Amino acid sequence: MKECSEAFIGFDTAKKKHAVAIADVGREGEIRYLGEIDSSPLTIERMIRKLAGRYEKLHFCYEAGPTGYGLYRQVRGLGHDCSVVAPSLIPKKSGERVKTNRRDAVSLARLFRAGELS
């Protein structure tokens, strides 16, 4: 059963765990932090299939880094859009100095939905 049409998912990747946030489509769409998941391919596939059951179209993005291209190939292999964002091109507020996985994942999902990432 599809509840919504589209969703934008932001990953903050790391070697052992990925932080995941989701932004519903639209300016008033809700942005939620889903939590941290294990970085194993089986866990990622399970999470993607669960989200694919709720949404018609999924758009994934994550910040480029040393641990991410396996994730890109896996998401594309499951038939979803995936964008890799250069860290230097992510807009940051001047006072935002504390870097946490949760904050980064939510920020990626929000900015990706707004079309501000390249």
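A brief report on the enclosed structure follows. Model, not experiment: these values are computed from the prediction.

Things to note about the environment of arginine 113
Inference 1: With respect to the secondary-structure elements, arginine 113 resides in helix α3 (residues 101-114).
Inference 2: Between the C-alpha atoms of arginine 113 and serine 83, which are 30 residues apart in sequence, the distance is 12 Å.
Inference 3: Setting aside residues up to four positions removed in sequence, arginine 113 forms contacts with Phe8, Ala23, Asp24, Val25, Gly26, Arg27, Gly29, Glu30 and Ile31.
Inference 4: Polar contacts involving the side chain of arginine 113 include one to the main-chain carbonyl oxygen of glycine 26, which spans 3.3 Å.

Here we look at the packing of helix α1 (residues 41-54) against helix α2 (residues 69-77)
Inference 1: Contact pair α1 / α2: the axes reach a minimum separation of 11 Å and the direction vectors enclose 40°. One element, α1, and the other, α2, form an angle in the oblique class. Between α1 and α2 lies a crossing of right-handed hand. Contacts between α1 and α2 involve Pro41, Ile44, Glu45 and Ile48 from the first element and Leu71, Gln74 and Val75 from the second.
Inference 2: Here the contact of α1 with α2 is built from residues that sort into 5 nonpolar, 1 polar and 1 charged.

Focus: the nonpolar core
Inference 1: Within the largest apolar cluster, 18 residues are counted, with the highest numbers of intra-cluster contacts made by Ile9, Phe11, Met47, Leu51, Leu58 and Phe60.
Inference 2: Counting only elements with at least two residues in this core, the list comes to β1 (4-12), β2 (17-24), α1, β4 (55-63) and α2.
Inference 3: Here the element with the most residues in this core is α1; it accounts for 5 residues.
Inference 4: Judged by nonpolar contacts, the second largest core, of 13 residues, contains Ala19, Val85, Ile90 and Ala109.

Let's talk about the pattern of salt bridges
Inference 1: By the definition in use, this model includes 5 salt bridges.
Inference 2: For aspartate 24, the salt bridge is made with arginine 32, and the minimal N-O distance between the two is 3.1 Å.
Inference 3: Overall, the relative accessible area of 13% leaves aspartate 24 in the buried class.
Inference 4: Of the charged contacts in the structure, one is a salt bridge between lysine 57 and aspartate 81, with a shortest N-O distance of 3.3 Å. Placement of lysine 57 in strand β4 and of aspartate 81 in strand β5 (residues 81-85) is noted, with a sequence separation of 24 residues between them.

A few points about α2
Inference 1: Those residues of α2 lying buried are Leu71, Gln74 and Val75. Seen from one end, α2 has its buried residues packed into an arc of 95°, which puts them on one side. Opposite the packed face of α2, turned more than 90 degrees from it, sit the exposed residues Arg73 and Gly77.

What counts, and where the lines are drawn
Residues numbered from 1 in each chain as written. Predicted model: local features only at pLDDT ≥ 70, side-chain atom pairs only at ≥ 80, totals over all residues. Heavy atoms only, no water. Helix = DSSP H or I, 4+ residues; strand = E, 2+ residues; numbered from the N terminus. Contact = heavy atoms within 4.5 Å. Polar contact = N/O pair within 3.5 Å; in protein donor to acceptor, adjacent residues only side chain to side chain. Axes fitted to C-alpha atoms, helices over the stretch in contact; angles between N-to-C directions. Parallel < 35°, antiparallel > 145°, perpendicular 65-115°, else oblique. Left-handed = near helix turned anticlockwise from the far one by under 90°. Nonpolar A, V, L, I, M, F, W, Y, C, P; charged D, E, K, R; others polar. Core = buried A, V, L, I, M, F, W, Y, C linked by side-chain atoms within 4.5 Å. Buried < 20%, exposed > 50% of the residue type's maximum accessible area, 1.4 Å probe, protein only. Salt bridge = Lys/Arg side-chain N within 4 Å of Asp/Glu carboxyl O. Arc of directions from axis to C-beta.

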